[in-house]
Amino acid sequence: MLLRLLLAAIAINAQSLSVVTISSQGLDLFGPSLDKRSSLPLDAFDSKHHPQHPFLAVSRPSQKIIEFYDSRTMQPSGDTVQAEARELAFTASGDCLIAATPNGLTSVSYAKRTVVTRMTTGFAATSMVVNSARLIAVGDSATKRVRVFRIGETCKLTDSHFNAPVSGQHASDPVGLAVSPNGDHLIALNRSGFIDVYRWRGAALIAAGRVPYPGIANGFGAVFLPDSSRAYVLTNSHLMVLEADRLGALHDMKLRIPIGGQRSQAAPGQRPVATDGRMIYLTTRNSVVALSVERHKIVAETPAGPNPTAIDVSGLWGASAAP
């Protein structure tokens, strides 16, 4: 009986992967081996796992709300926040939830489930990430810059007034951002030939070089391993890998991991790449894929609805990288 209870507890608290499928308006929950656990018909835009507790925050911009779900049962917790949120991000401790809105940023106290700050920036974020030092980096395609905001201890947002230009000139540049968990690096993905690399200096972003895409590839999304040693960049035909050297600079490893076939037509979306340190999870036109970090090989794939875009995995901040 005790063993059965232990196994049940392990199953309830097992790692999970959430995927939003925009075209079919669904939120799906998978296990780390991509076994499908549950599905909700939901007009969601993004979902993020709380880093400490088994809950999901889900943005539903058409309803102008953020909802919270128990990731073990996929039942709503009963808490909602009134906000026209799109992309979401938790702080590392999980005390604050940050939402990108059509014209600014909103911060939410997770404990109280209440809005702390509604900030009008005048632009819609093309991408948004939160680093370990409680700084928000937001892509602004109108001015081709990455703008930085601070998160206070009470979840109050303030403008740092630091920003950095990106090299891309496409209408949606910068299309994606990724931040290293150790707070050292930020990369900005463009559709104009380059990946911009920055180093954090407090709230300032210092340009630290550009990495060209191979051929005519374009970047859709990226994620750093939990130990910050590598970044995996999803392009329209493969994953490319950036590695940090002993001095902390990021370099292209010249490693191209093919996605292959119809999967090469990966649909762009918000945060379409996630990792638990052992696997890289990504979405394609109609599937979810798991790639082994150790083997650099796709080890699992499962069908998904048309255009699955937003993807997130529980335990991202606490995971250990593969040996």
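Rules and cut-offs
Residues numbered from 1 in each chain as written. Predicted model: local features only at pLDDT ≥ 70, side-chain atom pairs only at ≥ 80, totals over all residues. Heavy atoms only, no water. Buried < 20%, exposed > 50% of the residue type's maximum accessible area, 1.4 Å probe, protein only. Helix = DSSP H or I, 4+ residues; strand = E, 2+ residues; numbered from the N terminus. Pairing = 2+ DSSP bridges. Polar contact = N/O pair within 3.5 Å; in protein donor to acceptor, adjacent residues only side chain to side chain. Contact = heavy atoms within 4.5 Å. Phe/Tyr/Trp six-rings, centres within 6.5 Å; stacked < 30°, edge-to-face > 60°. Lys NZ or Arg CZ within 6 Å of the ring centre and 35° of its normal.

Among the 6 residues of strand S21 (residues 230–235), 6 are classified as buried, and the element is accordingly described as predominantly covered. With 5 bridges joining them, strand S20 (residues 219–224) and S21 adopt antiparallel strand pairing. For Val223, the partnering residue across the bridge sits in S21 and is Tyr232. Linking S20 back to S21 in an antiparallel pair, the connection comprises 5 residues, with Ser228 at a positive phi of about 65°. Two elements, S21 and strand S22 (residues 238–244), share 5 bridges in a ladder whose sense is antiparallel. Following the sheet pairing, Ala231 is matched in S22 by Leu242. Hairpin geometry of S21 and S22 is characterised by an intervening segment of 2 residues between the two adjacent antiparallel strands.

Residue placement: Asn190 occurs in the loop between strand S17 (185–189) and strand S18 (194–201). Under the relative-accessibility criterion, Asn190 is labelled buried at 0%. Separated by 2.8 Å, the side chains of Asn190 and Asp196 make a polar contact. Contact partners of Asn190, with chain neighbours within four places excluded, come to Val166, Ser167, Gly168, Asp173, Pro174, Val175, Asp196, Tyr213 and Gly219.

The next point concerns the packing of aromatic side chains. Tallied over the full model, the rule gives 2 aromatic pairs. Ring geometry for Phe68 versus Tyr110: centroids 5.9 Å apart, planes at 70°, classification edge-to-face. Linking Phe68 in strand S6 (residues 65–70) with Tyr110 in the loop between strand S10 (104–109) and strand S11 (114–120), this pair joins segments that are 42 residues apart in sequence. Neither Phe68 nor Tyr110 differs from the other in exposure class; each is buried. Geometrically, the ring pair formed by Phe90 and Tyr110 is edge-to-face, given 5.9 Å between the ring centres and 80° between the ring planes. Of this pair, Phe90 sits in strand S8 (residues 88–90) while Tyr110 sits in the loop between S10 and S11; the two residues are 20 residues apart in sequence, bridging distant segments of the chain. Tyr110 gets classed as buried once you look at its relative accessible area, which sits at 9%. One Lys or Arg, Arg113, reaches over the ring of Phe68 and ends 4.7 Å from the middle of that ring. Taking NZ or CZ as reference, Arg113 lies 4.1 Å from the ring centre of Tyr110, over its face.

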